[in-house]
Each structure stands twice: as structure tokens, then as C-alpha cells.
Amino acid sequence: MTAPRRNAARAASRADARAAAREAALKAALDEVRARCAVEERRAQDPVSFVHRYTDPADQELVALLAASLAFGNVKALRAKIGEALDRLGPEIARVADDPPAVSARLRGFRHRVYQGRDVAALLVGARRVQRAAGSLGVAFAAELSRSGDLRQALGAWVRAIRSAGGLDRRPNDRGAAHILPDPEKGSATKRLMLLLRWMIRPADGVDLGLWPVSPAALLIPVDTHIEKLGYNIGLTDRRGATWKTAEEITAALRRFDAADPVKYDFALCHLGMLQQCPSERDPARCEGCGVKPVCRYWEE
Ligand code: SF4
């Protein structure tokens, strides 16, 4: 081998060693963040906690849909609003959802951000009709997924079925009706839908419930502001913005550490983001104690 070739081979091998070391450090940091997460304490702050108050799977998946759909904005405010909607509906959500006038009456006057009571009522009534027709919302979603083999198409078809069954699609120019159950084929990361899928599909672990007959390998990470920031800061993606593409890239990176269950890191990472209030810059005070600091781009030498 000539000297220039020998030098190039050495440089390539040093680069490979650096990449392998970074990969190992990234996995170690992610596993550590997961291991250190105070799951019970954090679950109590998370909208998924509402789903755990119910025991009937039919109620659980309807409550999950409602809670995920209302999960935007300030976490304290959105938890109060989810609680208010559920209090109005009473303890047997599926049974009440069989009676559209009763749902409308109970939710009359409800408001959260752009949503009004009639948007939540149409969501619940439509979801209940799809649930009854298929046996469960999970079976309906699994059927769409096995038909198309594509998460986005399956979710789009599932969303359209609920929107149509509840009449949300009859108000195309109404912001609340459009936003409460968004079309994933329009390009956003549809964080709230991905959150619902994670809760329903990932194996039961005290947070997620493992109710739907779908492999967790099919999931994409819900990209909220915390995951978007952390995903970029630790090099899981170079993209900015909560788009479907960003969700795909972050999930593809996490698949390197667990191909069967890549989204298992989401809960702990998201709650780390909430607690840390990440400044996305080298800030010794605010970065103190951050579990991903060893692999954060702002702290790499
Ligand atoms: S080390 Fe600091 S900048 Fe980096 S992810 Fe953590 S909080 Fe954010």
C-alpha cells in the first residue's frame, strides 16, 4: 500500500472509531435518561394519566383519543380542560357516546383553545361509531394498516372514518373541527395522533397501555417542542420543525438502539425536556443535570 493510501485508511479507521464511540455514548445517555425517569411522578403530570383512571378498554381508547386530541398548549391548562371534559361526560364514556344528544348536552359550553363542545362531541360520537363497527378503534386502525402497509395512509383512512362518522368533515371551514383530528397526509408531525398511537400500541409499562394489535416497531415518535429540540441537540436529526419527516428521522435514529420498540425513549426524553427547559445553548446553570449533556451538540468538544 502506498503512503497516501495508508494515511487515508488510518483516517477512515479513526473516523469509524469516533462514530462507534459516539453511538455507544448516545445509547448509554438515552438508556440512562430512561432509567432515571421517575415514571409515576411524571405520569401524574402527563395527559396519559387520565386513561389509567378507566378499566374498560372501550372507555380507555375513547378517553385516550379525547385526551390526546386536547393535548396542546400549556400542560397545566390542558390537563384541567381534559379533566373538565371527562367530568362532564361521567365515568362510562363509551355508553354516553352511544347517545349523541346526551354527549352534546354534557359538553355544551365547553371550550379549550380553538375547540368547542360540539367539536369534542363530534369526535367522541364518530369514534364510538367506528369502535362499535370494528369492535375497537385499535382493530379499525390495525385493519387500515394491514390494508395499506403504510402508517401515514392507515392513519389518514382511520381519521377520515372517525371524522365522517361524527360529522366533523361537514364543517371543513371550522378551525376546531379541522384541528381536533388532523389529517396526517398534510405533512405535519401530527404529534397528538402519534401520542395516542404510542399510548395504545407500546407494551404496557405503567405509562403506555399496549391495547391495540399493532407492532410498536411501526410507530413514529410524537414530535412536540421538547422532542424537536432534544432530537436536534443530540444529533438524532439535523432537521428543525415538527414535521412528519422530522418524526421519521428521529425514529430512524432511535431504531438503531431498539428496532422493535424505537419509541420507548419518548416518554422519558419528553419529560426530561419539560423539566430541563432546554436553552439550546451552552448554559452551565440550565444544562446542569441534563441526562443527554454528554452527547449534546452544545457541549461537544
Ligand atoms: S445539555 Fe443543555 S442544551 Fe443540551 S440538551 Fe441538555 S439542556 Fe439542552
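Here's what I pulled together on the structure shown here. (Residues numbered from 1 in each chain as written. Predicted model: local features only at pLDDT ≥ 70, side-chain atom pairs only at ≥ 80, totals over all residues. Heavy atoms only, no water.)

1. Looking at the overall build of the chain
Counting secondary structure elements, the chain contains 16 helices and 2 strands. A compact globule built from 301 residues would reach a C-alpha radius of gyration of about 19 Å, and the chain, at 21 Å, matches this within 12%. By its C-alpha atoms, the chain is 80 × 45 × 35 Å across when sized along the principal axes. Considering the chain as a whole, with its 301 residues, one finds that 51% of them fall into the buried category. Look at the contacts in the chain between residues 6 or more apart in sequence, and 64% of them connect residues 24 or more apart. Summed over all atoms, the accessible surface of the chain reaches about 13900 Å², with 50% contributed by carbon and sulfur. (Helix = DSSP H or I, 4+ residues; strand = E, 2+ residues; numbered from the N terminus. Rg over C-alpha atoms; globule rule 2.2 N^0.38 Å. Buried < 20%, exposed > 50% of the residue type's maximum accessible area, 1.4 Å probe, protein only. Contact = heavy atoms within 4.5 Å. Areas by Shrake-Rupley, 256 points an atom, 1.4 Å probe, with all protein chains shown as cover.)

2. Section: the pattern of salt bridges
With the rule as written, the count across this model stands at 23 salt bridges. The partner of aspartate 31 in a salt bridge is lysine 27, with the nearest N and O atoms 2.5 Å apart. Remark: lysine 27 and aspartate 31 occur in helix α1 (residues 3-36); sequence separation between them is 4 residues, near one turn of the helix. On the accessibility criterion, lysine 27 (33% relative accessible area) is partly exposed. Residue arginine 202 pairs with aspartate 205 through a salt bridge whose shortest N-O separation is 2.8 Å. (Salt bridge = Lys/Arg side-chain N within 4 Å of Asp/Glu carboxyl O.)

3. A look at the packing of α1 against helix α15 (residues 266-276)
Put simply, α1 and α15 touch, their axes get as near as 9 Å, and they point 80 degrees apart. On the basis of the axis angle, α1 is roughly perpendicular to α15. Note on element contacts: α15 touches α1 through Ala268, Leu269 and Leu272, opposite Leu30, Val33 and Arg34. Grouping the amino acids of the contact of α1 with α15 by side-chain chemistry returns 5 nonpolar, no polar and 1 charged. (Axes fitted to C-alpha atoms, helices over the stretch in contact; angles between N-to-C directions. Parallel < 35°, antiparallel > 145°, perpendicular 65-115°, else oblique. Nonpolar A, V, L, I, M, F, W, Y, C, P; charged D, E, K, R; others polar.)

4. Details of the nonpolar core
If you look at the biggest cluster of nonpolar residues, it comprises 90 residues, and the most contacted ones within it are Phe141, Trp158 and Trp199. Once residues within four sequence positions are removed from consideration, tryptophan 199 is found in contact with Asp46, Pro47, Val48, Val51, Ala64, Ala67, Ala68, Asp208, Leu209 and Gly210. (Core = buried A, V, L, I, M, F, W, Y, C linked by side-chain atoms within 4.5 Å.)

5. Some thoughts on the site of the ligand
Taken together, 14 residues form the shell around the ligand, and within it Gln276, Cys278, Cys287, Cys290 and Cys296 come nearest. Taking a 2 Å distance to the grid points as the criterion, the majority of the atoms of the ligand fall inside the largest cavity. Classifying every residue of the shell around the ligand gives 9 nonpolar, 3 polar and 2 charged. (Near = heavy atom within 4 Å. 1 Å grid on protein atoms, 1.4 Å probe; cavity = no way out; pocket = protein on both sides within 12 Å on 5 of 7 lines; lining within 4 Å. Sits in = over half its atoms within 2 Å of the grid points.)

6. Details of the environment of threonine 246
For threonine 246, the position within the fold is in helix α14 (residues 244-255). On the basis of relative accessible area, threonine 246 is assigned to the buried category, the value being 1%. Each C-alpha atom of the pair threonine 246 and glycine 231 lies 8.8 Å from the other, and the pair is 15 residues apart in sequence. Residues in contact with threonine 246, not counting those within four places in the same chain, are Val223, Thr237, Arg239, Arg240 and Gly241.

7. Remarks on unusual backbone geometry
The phi torsion at glutamine 277 lies on the positive side, around 45 degrees, for a residue other than glycine. The class for glutamine 277 is partly exposed, based on a relative accessible area of 48%. A positive phi angle, near 55 degrees, is found at serine 280, a position not held by glycine. Within the fold, serine 280 resides in the loop between α15 and α16 (284-287).

8. Let's talk about the packing of aromatic side chains
The final tally for this structure, using the stated rule, is 4 aromatic pairs. The interplanar angle of 85 degrees and the centroid separation of 6.2 Å between the aromatic rings of phenylalanine 141 and tryptophan 158 together place this pair among those described as edge-to-face. Highlighted residues: phenylalanine 141 in helix α9 (residues 137-148) and tryptophan 158 in helix α10 (residues 151-166), separated in sequence by 17 residues. Its relative accessible area of 0% is what places phenylalanine 141 among the buried residues. Each residue in the set Phe141, Trp158 and Trp212 is aromatic and connected to the rest through ring pairs, giving one cluster. Lying over the aromatic face of tyrosine 232, arginine 240 brings its terminal NZ or CZ to 4.0 Å of the ring centre. (Phe/Tyr/Trp six-rings, centres within 6.5 Å; stacked < 30°, edge-to-face > 60°. Lys NZ or Arg CZ within 6 Å of the ring centre and 35° of its normal.)

These values are about where atoms sit, not about what they do.
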